[in-house]
Amino acid sequence: MSFANLGTAADSPPPQAPKDPNTEQRLADLEAYINNVGRAADTATNNVSSKIAVPGPGHNAWMMTSAALVLFMTLPGLALFYGGLVRRKNVLSVLAQCLGIAGLVAILWWACGYSFVFADGAKPVIGDFAKFAFLKGVDSAPNTNYAYWVSHNVFAMYQLMFAIITPALIVGAIAERMKFSAILLFIALWMFVVYFPLAHMIWGINGWMNGVWNADAGIKAIDFAGGTVVHMSSGWSALVLCVILGKRIGFGKEPMPPHSMVLCMVGTGMLWVGWYGFNAGSAVAADGIAANAFMTTTLATAVASFVWAMAEYIFRGKPSILGFCSGAVAGLVVITPACGFVDATGAIIIGILAGLIPFFAIVKIKAWFGYDDALDTFGVHAIGGTLGALMTGFLATPKVNANLDVNLKEIIANHALWKHQLGAIAITLLLAVVGTIIIAYLVKAVVGLRPSEEVETAGLDLAEHGEEGYHGA
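Thresholds, definitions, all that
- Residues numbered from 1 in each chain as written.
- Predicted model: local features only at pLDDT ≥ 70, side-chain atom pairs only at ≥ 80, totals over all residues.
- Heavy atoms only, no water.
- Helix = DSSP H or I, 4+ residues; strand = E, 2+ residues; numbered from the N terminus.
- Contact = heavy atoms within 4.5 Å.
- Polar contact = N/O pair within 3.5 Å; in protein donor to acceptor, adjacent residues only side chain to side chain.
- Buried < 20%, exposed > 50% of the residue type's maximum accessible area, 1.4 Å probe, protein only.
- Phe/Tyr/Trp six-rings, centres within 6.5 Å; stacked < 30°, edge-to-face > 60°.
- Lys NZ or Arg CZ within 6 Å of the ring centre and 35° of its normal.
- Patch = residues over 30% accessible without salt bridge, like charges linked within 9 Å, V, L, I, M, F, W, Y side chains within 5 Å.
- Areas by Shrake-Rupley, 256 points an atom, 1.4 Å probe, with all protein chains shown as cover.
- Salt bridge = Lys/Arg side-chain N within 4 Å of Asp/Glu carboxyl O.
- Expected span 1.5 Å × (residues − 1).

Caption draft 1: Broad picture of the environment of S305. On the secondary structure map, S305 appears in helix α8 (residues 288-316). On a C-alpha basis, the gap between S305 and I349 in space is 13 Å, while along the polypeptide they are 44 residues apart. If we ignore the near neighbours within four places in the chain, the residues touching S305 are G323, F324, G327 and A328. Of note is the side chain of S305, whose polar atom sits 2.9 Å from the backbone oxygen of F324.

Dropping the structure here:
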C-alpha cells in the first residue's frame, strides 16, 4: 500500500461550524414539527443549526399530560377499582400494594429497567442494562429512535407509568390472601423475568417482535399500547399465581361480595379517563394517530360496557353496576393493542367482542375450573389482552396509520398479520406462565406466599399495615 497521497492530521481542513439555516430550511423545520416527522434543517448534509433545536412544546405537553393520566390509572384509579371489590377488612391492603409497586418499579426503572427496554444497540431479546442505567444521558433532548419532538426524559417517565400499572394488575387475582413482603419480592423478580424482556421485544427499536420499526424482526407483530406487554403478561401471570397460591379461606362456601360498588365505579371512571393517556399517548405525539386512538378507545369502551351489562340483563335479569364497570375495563383492554391501527368500525367490532367474550370467560370458564381469581384479572386482562392482540391482526389498516407500510406492507396486503400476532401471543403466554411458575415457587421458598390462617381470616389491613379502612365497622 502506498501512503504517498495521504495527508497528516495537520493538513486536514478544520470542521466547519454549522451555519444558520436559510428561510426555506427554517420553514421545513416548522413543517416537520407540525407533521411530527424528523427535522429537515439540521441534517448532516445541510450542516446548519436548526432554530427549533428543542423538543416541540405541544408534543411534549401532551406526553407529560399522558404520563400523568397513566399514573392516575394506578393511583388512584386501579387502587379504588380493586379496593371497592374486596371485603372491607382488606381494602387498605390493596391500596398499599398499588403504592408499594409504584415505588418499587420506579426504583428499578431508574436503576436499569428503562435502559433494558429502550436502549438502542441492544440485542433483539435481551436489552442493554448499562447504556441508560440510572437514567444517565436521559435528558430533555429527544431520543429520535422513539420520538422526534418529545424530550427523552418525558418519554422515559411516560413508559415508567406503563411499567407501574402492569404488575399492579396482578394484584386483582391474588387479593386478600398474599403477604405484602411476598408481593414485593415477586414483583421485583417478575419485572426482570417477564416485563422488561417482553417490553423490549415488542417496543424496543430493534426488538425481536417489533414489526412496525424493526425490519429484521423475527415475528413482525404490532402492539400499539400494550395488549401483549401489559394485559397478556399480567393476566396470564395472575392466573398462574392465584392457582399456586390457592383459594381464599371460605371461597365457594361463604359470600364474598364487593364491600363498595361506589368505590369500584369511581375507580372505573378514573381508569377510563386515564386510559386516554395510555392509548392516545402511545402515539408519542399530539398528532392524527393520537386523535384516532382517542376515538377508537372511546367507542370500544362505551360499546363493551353496554354490551356486557345487556348480556347480564338477558341472562341474569338485571344489569349490574359491576357489569357496566367490568365491560368498560374489558373494552379498554381489548382496544389497547389496536387503538392506533383500526378505524371506528373496527373499534365497534372490538367493543362488541370485548363485552361478550370476557363476560363468558368470567361467568362460565371460571366456574368450570374453579380457580379463585378474586377480582377477575384473568378473565378481563388475559382473555381481553389475547383477544385484542389477535383482532389487531385482522383489523389493522394503513389507512389509519401509515407506519404500517414501513415494514408490514406485504404482510398486511396478504392478510397474514394475524399469524404474526399469534406468534407474539404464544411467546407472551409462554414467558408469563413459565416465568411466574419459577418466581412463585422461589418466593414461596424464601419468604412464603400466604399469611397465617388467623391473619387472613381477620383481614390483611390490621395485621400487615396496622390500620383500618373503616373504624367502628
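The rest of the description comes next.
Caption draft 2: Highlighting unusual backbone geometry. Cis geometry is found at the peptide bond from L75 to P76, where omega equals 15°. Position of P76 among the secondary structure elements: in helix α2 (residues 57-85). Here D376, not a glycine, exhibits a phi torsion of approximately 60°, which is positive. Note on placement: D376 falls in the loop between α10 (344-369) and α11 (377-395). Overall, D376 belongs to the buried group, its relative accessible area being 19%.

Caption draft 3: Inspection of the packing of aromatic side chains at higher detail. A full pass over the atoms with the stated rule returns 28 aromatic pairs. Aromatic side chains F192 and F196 sit 5.2 Å apart centroid to centroid with 85° between the ring planes, which places their arrangement in the edge-to-face category. In this pair, F192 and F196 both sit in helix α5 (residues 180-203), 4 residues apart, roughly one turn of the helix. For F192, a relative accessible area of 30% puts it in the partly exposed group. Taking relative accessible area as the criterion, F196 reaches 0% and is therefore assigned buried. Clustering of aromatic rings is evident, with ring pairs tying together W109, Y114, F116, F118, F129, F132, Y146, F155, F192, Y195 and F196. Positioned over the ring face of Y470 is R88, at 5.3 Å from the centre of the ring.

Caption draft 4: Representation of a nonpolar patch on the surface. Where nonpolar side chains cluster on the molecular surface, the patch consists of M265, F306, I321 and F324 and spans about 380 Å² of accessible area. Within the element layout of this structure, F306 appears in helix α8.

Caption draft 5: Layout of the pattern of salt bridges. Overall, the coordinates contain 9 salt bridges when judged by the stated rule. Its salt-bridge partner being R248, residue D372 comes within 2.9 Å of it at the nearest N-O pair. Taken as a pair, D372 in the loop between α10 and α11 and R248 in the loop between α6 (227-245) and α7 (261-279) lie far apart in primary sequence, 124 residues in all. Across the pair, exposure class does not vary: D372 and R248 are buried alike. Salt-bridge contacts for R450 lead to E456; the nearest nitrogen and oxygen are separated by 2.8 Å.

Caption draft 6: Representation of α8. Between its terminal C-alpha atoms α8 stretches 42 Å, which fits the 42 Å expected from 29 residues at 1.5 Å a residue. The N-capping residue of α8, defined by a side-chain oxygen 3.2 Å from the backbone nitrogen of I289, is D287. Looking one or two places after α8, you find G317, whose phi comes out positive at around 90°.

Caption draft 7: Molecular detail of the environment of L189. Mapped onto the elements, L189 comes out in helix α5. Residues L189 and P258, 69 residues apart in the sequence, show an inter-C-alpha distance of 30 Å. Non-local contacts of L189, meaning those with residues more than four positions away in its chain, are made with I439, L442 and V443.

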